[in-house]
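Single-letter residue listing:
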Amino acid sequence: MATEPRHPALRLFVFLLAVYGATASGHFYISDSRVKLMVAESLVDRGTVALPTSEVQHVMGADHRPYSPWAPGTSLVMVGCVLAGRGLDGAAGLGPVSAHYLVTLLSDLTNAVFTAATAAILVLFARHLGYATATALSLGLLFGLATPAWPLSKTSLSEVPAACAVSLAFYLGARWASGALPVGWIVGAGLALGVGGLFVYPTLMLVPWLLGWVVLEATRAGRPGGQTARGVAGCLAALVLAQVPSLVYNHVRFGSWLSTGYSFGMDVHLARRAGLATAAVLACVLVVIAVSRRRIGASTAVREWAVALGVLLALMVVQFDVFEGFFRHLLSPCDGQLFYCPPLALVALGAWPFVRRWPLAGGVVASAVATYLYVASSGLTSTWSWGSRYVVPVLPLGLLLALPVLEPRWGGTLRRAACRAIVAFGFLVQVLGVSGSYHVYKDEAMQRSIARMKPGPSWAGHELRFVYDAELFSVKKQWEKVRTMETWTFPVGPVTDRVEIDRLRGRFPDFWWCYAALSGVPPGPIRSLMAVALAVVAVCGLVLARAVRGAPAEADR
């Protein structure tokens, strides 16, 4: 008789980290990452968050000095990478060029750790919801290898750690509300969501949904009202505490605690949209619950979900820029998750079974994701990434709705075959995403397309056409590059003139530690590193596959 594997989430974390390490590039793809690292280096070297030069992307602060236009979370993480890289340089005497590459490599690998951790949290979340270990591991693998999370793990985009923080916050909140964790863990939920705001400010709009889930679930679990109130107060206090670095950062830059300058002044606009959408959806949820006058059941959750999404749709019709952004997030070949994240089809298939089994969780998750998507769609043009990175913070939450489809006994043979085909297709799309850099040709095509755009409040005045988006269709262009082996090269960095680029070109693909080659390491050690990385992936994969296939079909009781 098969037994439950021990520490399945940890096994998945190690496996995915090995995969991400074996496919890492070790270099930055976009200038945003370089600016974030410059902030970290400036903090270590000069004790200030001001940039040393204004020749990069920046916003001018109240003291007329240049500052990064992005939230401080990623830069704070990179401070540790700078210290670690320089410490290793001091111990090994690598030299300035190799030390620079080492710091860049460590900074580039941080998102790999966050992505693997998010997948592990999803495993724990699914187990908490009562699903079997095999189903929970399937969800973690789905997120880690068949969604844009894998290609984005090669970047230093702030949405990746924000997704980890949001997933952890909702998981801890759900565990505490159900009585599975002591009161201190609800403080951890608030702290996690507050930390998510250090990376991407709009994630703070999820606070009402987290607190609403906690209160309603705690009430259903029979927790005393006083204990629930203390838990909510502790959650909010921890969230505010986690935002202290951001408030100080804002005050230093702009002379105001609440003035962020995020995305070049879009923060006020996003805050208004977030407040409007959240208030409208929450009002609908409360009305539906009040009208039902009975215990929250599947039918109530369905009405709650349908009304909430209907309100968001009505708001989109009124605000055309939101509708355009919604189109780009989901349907556009340029960024739409329909093309870059095929497993979203499993979310549509599993949503109704999930709501029937977990009505409160299903309604809250769907409403929170839809509200966040509405706000993220406001004024969007493009995201310069493998799929729409702006919705990544809530992507793990949305994938929870696919859990029923991932159960071994779900549906008939044909349905299971279709689901496996969707997962396999999603995996192949992500393999294309990690096979090289897609930013160069996407950036060039985007600049050409933006030059043609004609703003206006009508369909004819907006570039809402598949013809326009096809010019930026990364999946298609990446496939063309893979077929001709053009993607198996690395970009030329600022100090690579000392390296024989032509000798190495084509021998080391972008996704296998090319920066180690650029820093002067001979080909022999590089091949050995590749072999070790692939061996770790193979061993961990076999262990994980055995865990998935050997776990009981029924969840623990």
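Residues numbered from 1 in each chain as written. Predicted model: local features only at pLDDT ≥ 70, side-chain atom pairs only at ≥ 80, totals over all residues. Heavy atoms only, no water.

Undergrad: Just give me the short version of the overall build of the protein chain, but keep the residues and values in it.
TA: When helices and strands are tallied, the protein chain shows 26 helices and two strands. With 557 residues in all, the protein chain has 54% of them scored as buried. Partitioning the intrachain contacts of the protein chain with sequence separation of at least 6 by distance along the chain shows that 76% fall at a separation of at least 24. Surface exposure of the protein chain reaches about 23,200 Å², of which carbon and sulfur atoms provide 67%. (Helix = DSSP H or I, 4+ residues; strand = E, 2+ residues; numbered from the N terminus. Buried < 20%, exposed > 50% of the residue type's maximum accessible area, 1.4 Å probe, protein only. Contact = heavy atoms within 4.5 Å. Areas by Shrake-Rupley, 256 points an atom, 1.4 Å probe, with all protein chains shown as cover.)

Undergrad: Could you give an account of the nonpolar core, with specific residues and numbers?
TA: Counting residues in hydrophobic clusters, the biggest one holds 88 residues, and the most contacted among them are Phe125, Leu139, Phe170 and Trp213. Beyond its immediate chain neighbours, meaning those up to four positions away, Leu139 contacts Leu122, Ala126, Leu399, Leu400, Leu403 and Leu406. Counting residues in each nonpolar core, the second largest holds eleven residues, with Met38, Val49, Val59 and Tyr67 among its members. (Core = buried A, V, L, I, M, F, W, Y, C linked by side-chain atoms within 4.5 Å.)

Undergrad: Before we move on, could you go through a nonpolar patch on the surface and cite the residues and values that matter?
TA: A contiguous nonpolar patch, built from Leu241, Val244, Val248 and Val252 and spanning about 320 Å² of accessible area, is present on the exposed surface. By residue number, the principal contributor to the nonpolar patch is helix α11 (residues 244–254), which donates three residues. Mapped onto the elements of the fold, Val252 is located in helix α11. For Val252, a relative accessible area of 40% puts it in the partly exposed group. (Patch = residues over 30% accessible without salt bridge, like charges linked within 9 Å, V, L, I, M, F, W, Y side chains within 5 Å. Salt bridge = Lys/Arg side-chain N within 4 Å of Asp/Glu carboxyl O.)

Undergrad: So, the packing of helix α7 (residues 159–177) against helix α9 (residues 207–220): which residues are in play, and what are the values?
TA: Two elements in contact, α7 and α9, have axes separated by 8 Å at closest approach and are oriented at 15°. The pairing of α7 with α9 is recorded here as roughly parallel in orientation. Pair α7 / α9 crosses with right-handed handedness. In this structure, α7 contributes Ala169, Phe170, Gly173, Ala174, Trp176 and Ala177 to the contact, and α9 contributes Trp209, Leu210, Trp213, Val214, Glu217 and Ala218. (Axes fitted to C-alpha atoms, helices over the stretch in contact; angles between N-to-C directions. Parallel < 35°, antiparallel > 145°, perpendicular 65-115°, else oblique. Left-handed = near helix turned anticlockwise from the far one by under 90°.)

Undergrad: Give me the lowdown on the pattern of salt bridges, citing residues and values where you can.
TA: This model, assessed by the stated rule, comprises three salt bridges. With a closest N to O distance of 3.1 Å, Arg389 and Glu159 form a salt bridge. With Arg389 in the loop between α17 (359–376) and α18 (395–399) and Glu159 in helix α7, this pair connects stretches of sequence that are 230 residues apart. Residue Arg389 shares its accessibility class with Glu159, and that shared class is buried.

Undergrad: Go over the packing of helix α1 (residues 8–22) against helix α5 (residues 133–146), please, and point to the residues and values.
TA: Packing of α1 against α5 brings their axes to within 11 Å, and their N-to-C directions diverge by 20°. If you check the angle between α1 and α5, you find them roughly parallel. Here α1 runs over α5; the crossing is right-handed. Along its contact with α1, which presents Pro8, Leu12, Phe15, Leu16, Val19 and Tyr20, the element α5 presents Thr133, Leu137, Gly140, Leu141, Gly144 and Leu145. Its residues assigned to classes, the contact of α1 with α5 comprises nine nonpolar, three polar and no charged. (Nonpolar A, V, L, I, M, F, W, Y, C, P; charged D, E, K, R; others polar.)

Undergrad: I'd like a rundown of the packing of aromatic side chains, residues and numbers included.
TA: Per the stated rule, a full pass over the model turns up six aromatic pairs. Note on Phe125 and Trp213: the rings are 6.0 Å apart at their centroids and 25° apart in plane angle, and the pair reads as stacked. Of the two residues, Phe125 sits in helix α4 (residues 96–128) while Trp213 sits in helix α9, which places them 88 residues apart along the sequence. Judged by relative accessible area, which is 0%, Phe125 ranks as buried. Here Trp213 falls in the buried class, since its relative accessible area comes to 5%. Three or more aromatic residues joined by ring pairs form one cluster here, namely Phe125, Phe170, Tyr171 and Trp213. In this structure, Lys36 is placed above the aromatic ring of Trp70, and the distance from its NZ or CZ to the ring centre is 5.9 Å. A cation over an aromatic ring shows up here: Arg357 above the ring of Tyr131, its NZ or CZ 4.3 Å from the ring centre. (Phe/Tyr/Trp six-rings, centres within 6.5 Å; stacked < 30°, edge-to-face > 60°. Lys NZ or Arg CZ within 6 Å of the ring centre and 35° of its normal.)

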